[in-house]
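# Overview (structure and organization)
Each chain, letter by letter, is given below.
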Amino acid sequence: MRRPGGWWRTKSTPEKVETYTRWSFHFFGVIEVFALGVSAYGRTGAGLATVLCLLVVAHAAVCMLVSSRALDWTRGRRPQPVRLMWTLVVVSAVVSTTAVVIAERGPAGEVETAAGSVYGGVLCFAAGVITLGVSGRRRMVAVVGGFAVGAGLLTFPLEMPVLASVVLAGLVMVTGGFLAITSIFSLWLLNAVYALDDAKETRARLAVAEERLRFGRDLHDVMGRNLAVIALKSELAVQLSRRGRPEAVEQMIEVQRIAQESQREVRDVVRGYREAALEVELAGARGVLTAAGITAQVTGETAGLPAEVQSALGWVVREATTNVLRHGDAKKVAVTVRMSGGRVVLTVENDGVAETTGDGPSAETAGTGGTGGTGGSGGSGGSGLAGLRERLSAVDGTLEAGPAGRGVFRLTAAVPLPDATAGAALEVAS
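Just so it is clear, the structure is predicted and the values come from calculations on it, not from any experiment. (Residues numbered from 1 in each chain as written. Predicted model: local features only at pLDDT ≥ 70, side-chain atom pairs only at ≥ 80, totals over all residues. Heavy atoms only, no water.)

Tracing the backbone through its elements, the reader meets S96 in helix 4 (residues 82-105). Beyond its immediate stretch of four places on either side in the chain, S96 contacts Y119, V122, L123 and L154. (Helix = DSSP H or I, 4+ residues; strand = E, 2+ residues; numbered from the N terminus. Contact = heavy atoms within 4.5 Å.)

A few words on a nonpolar patch on the surface. Judged by side-chain polarity, F27, V30, I31, F34, V38 and Y41 come together as a nonpolar surface patch covering roughly 540 Å² of accessible area. Along the polypeptide, I31 turns up in helix 2 (residues 13-37). Overall, I31 belongs to the partly exposed group, its relative accessible area being 34%. (Patch = residues over 30% accessible without salt bridge, like charges linked within 9 Å, V, L, I, M, F, W, Y side chains within 5 Å. Areas by Shrake-Rupley, 256 points an atom, 1.4 Å probe, with all protein chains shown as cover. Salt bridge = Lys/Arg side-chain N within 4 Å of Asp/Glu carboxyl O. Buried < 20%, exposed > 50% of the residue type's maximum accessible area, 1.4 Å probe, protein only.)

Right, let's get into the sheet that holds strand 5 (residues 409-416). Pairing between the strands of a sheet is mediated by backbone hydrogen bonds and can be parallel or antiparallel. Taken in spatial order, the five strands line up as 1-2-3-5-4 in an open sheet, and their pairing is mixed. Edge positions in the sheet fall to strand 1 (295-300) and strand 4 (398-403), since each of these pairs with one other strand and no more. When strand polarity is set aside, the average angle formed by the axes of neighbouring strands in this sheet is 10°. Of the pairings in the sheet, the one linking strand 1 to strand 2 (residues 332-340) comprises six bridges and is parallel in character. The residue bridging T295 from the neighbouring strand is K332, located in strand 2. (Pairing = 2+ DSSP bridges. Axes fitted to C-alpha atoms, helices over the stretch in contact; angles between N-to-C directions.)

Let us now look at unusual backbone geometry. Positive phi is not limited to glycine here, since D396 has a value of about 60°. Take D396: it is sitting in the loop between helix 12 (383-393) and strand 4.

Time to look at the environment of V345. The residue V345 is located in strand 3 (residues 343-350) in this model. Sequence spacing of V345 and G300 is 45 residues, and the spatial spacing of their C-alpha atoms is 9.9 Å.

Next comes the structure, spelled out in structure tokens:
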């Protein structure tokens, strides 16, 4: 069953900002309806007020549609809504002209005030919305200026003084410009959030690529010289064999020795690549999380732990940190290493988990970046948790993953210690 607000918690940070921005633009339309349309009922008769309110509602609906399509255009999901923007211009002109007619031919008194508010207000809102669908400062200024000039020209049928027309045009210019700047700043902020999210993804991919390059360099250093020697000695053995020289056997024995030595060196490289020192991984996790703007708290003592235990737990820290950076929305991460009952227990908690919903991602998925499980060692998880469980099982360890309170995801890895090592580690901890 979907929990209240679950749809919001399943969104990433950029998606939340986009939703907030989109509904902010829609809220402009709601403000327009109440400020211009509904307020007309207190200024004039019910008949004329209803006409003005309906005109404002229609105009606000078009503004909402234009702002939504323009937002999609800025994100590259739709083409530029040129026709829709011209439709808004036409609707604005029709509503303004109708307001002018009502103010000129309607009953004298407050109806002029109500119609005048509708007249100037729709032009201000339209100017602010249309700037969302254009690019470049000059075009944005031209849009606001065009609406201001149009507001001044449409006042001539009312036989307003020139000074009043200029003042009205200035008000449209200032108010429309303010709405335009607000809209543009909102789009800039949204694009900045998406850019930061893309940068975080790029940083994670670069970290993986750098590790692959390091591994490639190590293999090249190990294998390059040995393969060159093997090729040279093999060619020499071929030439000696063709001549019936007994030295060919010696050369092939040397080739065999070098090949075996190369195999050993490759195993050493791979073993060093696969092993992860817990202390190094904890320091790296603290640095990476802090650089990403996440508060990282790392506590515990790792001295005296066996190498295989440190390697297994180091991979847990590495996997959990990577998933928080790539898929979580955490503000705080706490990593704790403690000794308990002859076991070393590693706990990683973060507050970037989404609520479990009926059709959205689970809390485990949100907290572990798509590698979620059902919590506990017996759950069925994705490739990330499954890989960690395999590594921990090699040292008789267990892994539990799941929500630990509202909005908190906890990953707990426990590895038993040999009796002698457990006693020494407890002494160090004490």
